[in-house]
Amino acid sequence: MNISLILTKQCNLRCRYCFEMHEDHRMTHETALAAIDLLAHIGDRQCGVSFFGGEPLLQKELIYECVAYARQFPDIRFRYNMTTNGLLLDEEFLTFARDNNFLIALSHDGCMSRVNRVYADGRNCLAALDEKLSLLLSYQPHAFVMVTVAPNTAHLASESVIGLFRQGAGRVNLAPDERPCAGWDGDAMETLSEQLGRIADYVYSEFLAGRDVFFNNFEEKIVAVVKNRPCHVCRLGKRKPYVDWDGSIYPCIQFGGVADYRIGDVFQGIDKARQEEIYAGSLAKPAFCQGCAFETRCVNDCACLNYQHCGQMNEVSPMQCAWQRTVIRHADKLARRMIEADPQCAAKRFS
Ligand code: SF4
Ligand code: SF4
């Protein structure tokens, strides 16, 4: 079992696509430690803690405290991860992460950061992000880099992703701006599709040169076929409950603050009946997807994304469907090219 802790709603950036309101809400020491206690009592011998925000490193001391506190449970193996904009990363934190089974994913949009990733005064933060990317990779060479693309930067997606690979990132994931107001239309999706084609060409050329770069969007779609397993299994509220800054527990991030979906708090525990009820409600497949050949390779079961886009757990938005189909089409074409060029290396890579 894993929990996600929202340590703060604040951030030191003001990305133009951010869905946070940046209120001055911070998780207290008591709440954070109660969350670790709860996880230790309801989880199993391996537990995960994800630190989120806002920007979680604004609460760096609280992260240190949580990890120190978890050592009180020597029978449980804790793993930690965090998604951060990285601006507050330093050698001290990275040494701590190295010593504590702590993976860091960096949100960095490559050259698209010039457009959408800004400080409160409007300056872009690209130079600072680049510096922190190389620092992170010197400690965690396999760290994930999380890229967000919006309609106004779709034409730069391949330059951004390929640029990040050239800066040493080995694993990159691209996510579209998921806000319903983002403004994805047919033209922007077509631009993004053309950009995915360029990224696929780059991954292929690196493969031919014997260098592995992992563009997660393609890898997960290909591996789902090779291993004959769904590429995403939601298990809403069971696998990774979300603990808001005030200790309230929700099934996942998009339900945060929605009273109907509150399933408990870190002091009283989880209301199992409500947890099961919400989980059961998330199981029905979207009617829209019945009979689709991509069903097991799509994230159409992500109740959290569906709720964000459509206000319903079992409805998929046209934008999400178009994005999934585009990724799968490019992934399949890439896999075919790799297998034709070098079947043994391709088999090894995807096994
Ligand atoms: S770094 Fe994340 S939380 Fe901060 S403004 Fe950007 S998207 Fe929002
Ligand atoms: S590709 Fe579209 S129709 Fe097919 S499963 Fe995904 S969301 Fe549903």
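Anything mentioned here points back to the structure above.
All of the points below concern the structure found in this document. Computed from a predicted model, the values in this text were never measured in an experiment.

1. Observations regarding the site of ligand 1
- Taken together, C11, L13, R14, C15, C18, H22, G54, N85 and R117 make up the full set of residues near ligand 1.
- Residues that form the shell around ligand 1 fall into these classes: 4 nonpolar, 3 polar and 2 charged.

2. Description of the sheet that holds strand 5 (residues 144-149)
- Read from one edge to the other, the open sheet built from 11 strands follows the order 7-6-5-4-3-2-1-8-9-10-11, with strand pairing classed as mixed. This sheet does not close on itself; its edge strands, each paired only once, are strand 7 (214-215) and strand 11 (269-270).
- With 6 bridges joining them, strand 2 (residues 46-52) and strand 3 (residues 77-84) adopt parallel strand pairing. By the bridge assignment for strand 3, G48 is matched with R79.

3. A few points about the site of ligand 2
- What surrounds ligand 2 is the set C289, C292, E295, C298, N300, V316, C321 and R325.
- Grouping the amino acids of the shell around ligand 2 by side-chain chemistry returns 5 nonpolar, 1 polar and 2 charged.

4. Brief notes about the pairing of strand 4 (residues 102-107)
- In terms of residue burial, strand 4 counts as a mostly covered element, since 5 of its 6 residues are buried.
- Bridge analysis of strand 3 against strand 4 gives 5 bridges, and the strand direction is parallel. The residue of strand 4 that forms the bridge with T84 is L106.
- In terms of handedness, the path from strand 3 via helix 3 (residues 91-99) over to strand 4 forms a crossover that is right-handed.
- With 2 bridges joining them, strand 4 and strand 5 adopt parallel strand pairing.

5. Thoughts on the packing of helix 7 (residues 186-208) against helix 11 (residues 318-341)
- Packing of helix 7 against helix 11 leaves a shortest axis separation of 10 Å and a crossing angle of 25°. Viewed along their axes, helix 7 and helix 11 adopt a mutual orientation that is roughly parallel. Both helix 7 and helix 11 take part in a crossing whose hand is right-handed. Between helix 7 and helix 11, the residues in contact are M189, L192, S193, L196, G197, A200, D201, V203, Y204, F207 and L208 and M319, A322, W323, T326, V327, R329, H330, L334, R337, M338 and A341, respectively.

6. Digging into a negative patch on the surface
- A surface patch of like charges, here negative, comprises E30, E61, E65 and E92.
- Looking at the element boundaries, E65 is found in helix 2 (residues 60-70).
- Owing to a relative accessible area of 30%, E65 belongs among the partly exposed residues under this scheme.

7. Quick word on the pattern of salt bridges
- One pass over the structure, following the stated rule, counts 16 salt bridges.
- Between E20 and K9 there is a salt bridge, with the nearest N and O atoms lying 3.7 Å from each other. Taken together, the residues span a long stretch of sequence, with E20 in the loop between strand 1 (2-6) and helix 1 (29-42) and K9 in the loop between strand 1 and helix 1 at a distance of 11 residues. Pair check on accessibility: E20 and K9 agree, each one buried.
- For R262, the salt bridge is made with D265, and the minimal N-O distance between the two is 3.6 Å.
- Exposure remark for R262: the relative accessible area of 36% places this residue in the partly exposed category.

What counts as what
Residues numbered from 1 in each chain as written. Chains lettered and ligands numbered in written order. Predicted model: local features only at pLDDT ≥ 70, side-chain atom pairs only at ≥ 80, totals over all residues. Heavy atoms only, no water. Near = heavy atom within 4 Å. Nonpolar A, V, L, I, M, F, W, Y, C, P; charged D, E, K, R; others polar. Pairing = 2+ DSSP bridges. Helix = DSSP H or I, 4+ residues; strand = E, 2+ residues; numbered from the N terminus. Buried < 20%, exposed > 50% of the residue type's maximum accessible area, 1.4 Å probe, protein only. Right-handed = clockwise from strand over helix to strand, strands pointing away. Axes fitted to C-alpha atoms, helices over the stretch in contact; angles between N-to-C directions. Parallel < 35°, antiparallel > 145°, perpendicular 65-115°, else oblique. Left-handed = near helix turned anticlockwise from the far one by under 90°. Contact = heavy atoms within 4.5 Å. Patch = residues over 30% accessible without salt bridge, like charges linked within 9 Å, V, L, I, M, F, W, Y side chains within 5 Å. Areas by Shrake-Rupley, 256 points an atom, 1.4 Å probe, with all protein chains shown as cover. Salt bridge = Lys/Arg side-chain N within 4 Å of Asp/Glu carboxyl O. Lys, Arg positive; Asp, Glu negative; His and termini not counted. Charge placed at Lys NZ, Arg CZ, Asp CG, Glu CD.

Honestly, it's all geometry; don't read function into it.
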